[in-house]
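Letter by letter, the chains look like this.
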Amino acid sequence: MWTKLERTFIAIKPDGVQRGLIAEIISRFERKGYKLVAIKLVVPSNEFAQQHYHDLKERPFFSGLCDFLSSGPVLAMVWEGEGVIKYGRKLIGATDPQKSEPGTIRGDLAVVVGRNIIHGSDGPETAKDEIALWFSPTELISYANNAEKWIYGVN
């Protein structure tokens, strides 16, 4: 390994899948230099959505959020790279698309907070938990990418 690599969970929500934004979103992570190590298209149950959003259980929008996540296909992914958790959040933009900077996924592609296209882990512990919830260990692939020496260099 060239550097300290970490993994994060990224999900394209049903609105992003239905709007045909999968290739656009994957492209942004690939162009940055991050490596895709797991991917699958699933329709989560409402109970599964409740597990995913367990930390928001007391919020008034919890039920609607779970209904939305389970309303259609979700593209679940794990990305690997240096700083992928923090910078992945920057690529995504603020939760409220109206407050997202132009150039971010939400800033360019979303309009309202209830349809903000994408989810990304907000920290190392969340990433670990979300990856474990959505993927079994055998679904996570470790491999050398020839582009890594051009992304990270040799120090």
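Data block above holds the structure.
Since we're looking at a predicted model, the values are computed, not measured.

Draft legend 1. Layout of the packing of helix H2 (residues 22–32) against helix H5 (residues 84–92). For the pair H2 and H5, the least separation of the axes is 11 Å and the interaxial angle reads 135°. Here H2 is positioned oblique relative to H5, judged by the angle of their axes. Crossing of H2 over H5 shows right-handed handedness. Here Arg28, Phe29 and Lys32 of H2 lie close against H5, whose contacting residues are Tyr87, Gly88, Leu91 and Ile92. Each residue belonging to the contact of H2 with H5 can be placed in one class, and the counts come to 4 nonpolar, 1 polar and 2 charged.

Draft legend 2. Just the sheet that holds strand E1 (residues 6–12), in detail. Reading across from one edge, E2-E3-E1-E4 is the order of the 4 strands in this open sheet, with antiparallel pairing throughout. Where the open sheet ends on each side, the last strands, each with one partner, are strand E2 (35–42) and strand E4 (118–120). Sheet twist, expressed as the mean angle between neighbouring strand axes with direction ignored, is 15°. Taken strand by strand, H2 contacts E1, E2, strand E3 (74–81) and E4, and its axis lies near 10° from that of E3. Against the sheet, helix H7 (residues 124–134) touches E1, E2, E3 and E4, its axis set at about 60° to E1.

Draft legend 3. Examining the environment of Lys99 more closely. Following the sequence through the fold, Lys99 ends up in the loop between H5 and helix H6 (105–109). Spatially, the C-alpha atoms of Lys99 and Val111 are 9.7 Å apart, while their sequence positions differ by 12 residues.

About the cut-offs
Residues numbered from 1 in each chain as written. Predicted model: local features only at pLDDT ≥ 70, side-chain atom pairs only at ≥ 80, totals over all residues. Heavy atoms only, no water. Axes fitted to C-alpha atoms, helices over the stretch in contact; angles between N-to-C directions. Helix = DSSP H or I, 4+ residues; strand = E, 2+ residues; numbered from the N terminus. Parallel < 35°, antiparallel > 145°, perpendicular 65-115°, else oblique. Left-handed = near helix turned anticlockwise from the far one by under 90°. Contact = heavy atoms within 4.5 Å. Nonpolar A, V, L, I, M, F, W, Y, C, P; charged D, E, K, R; others polar. Pairing = 2+ DSSP bridges.

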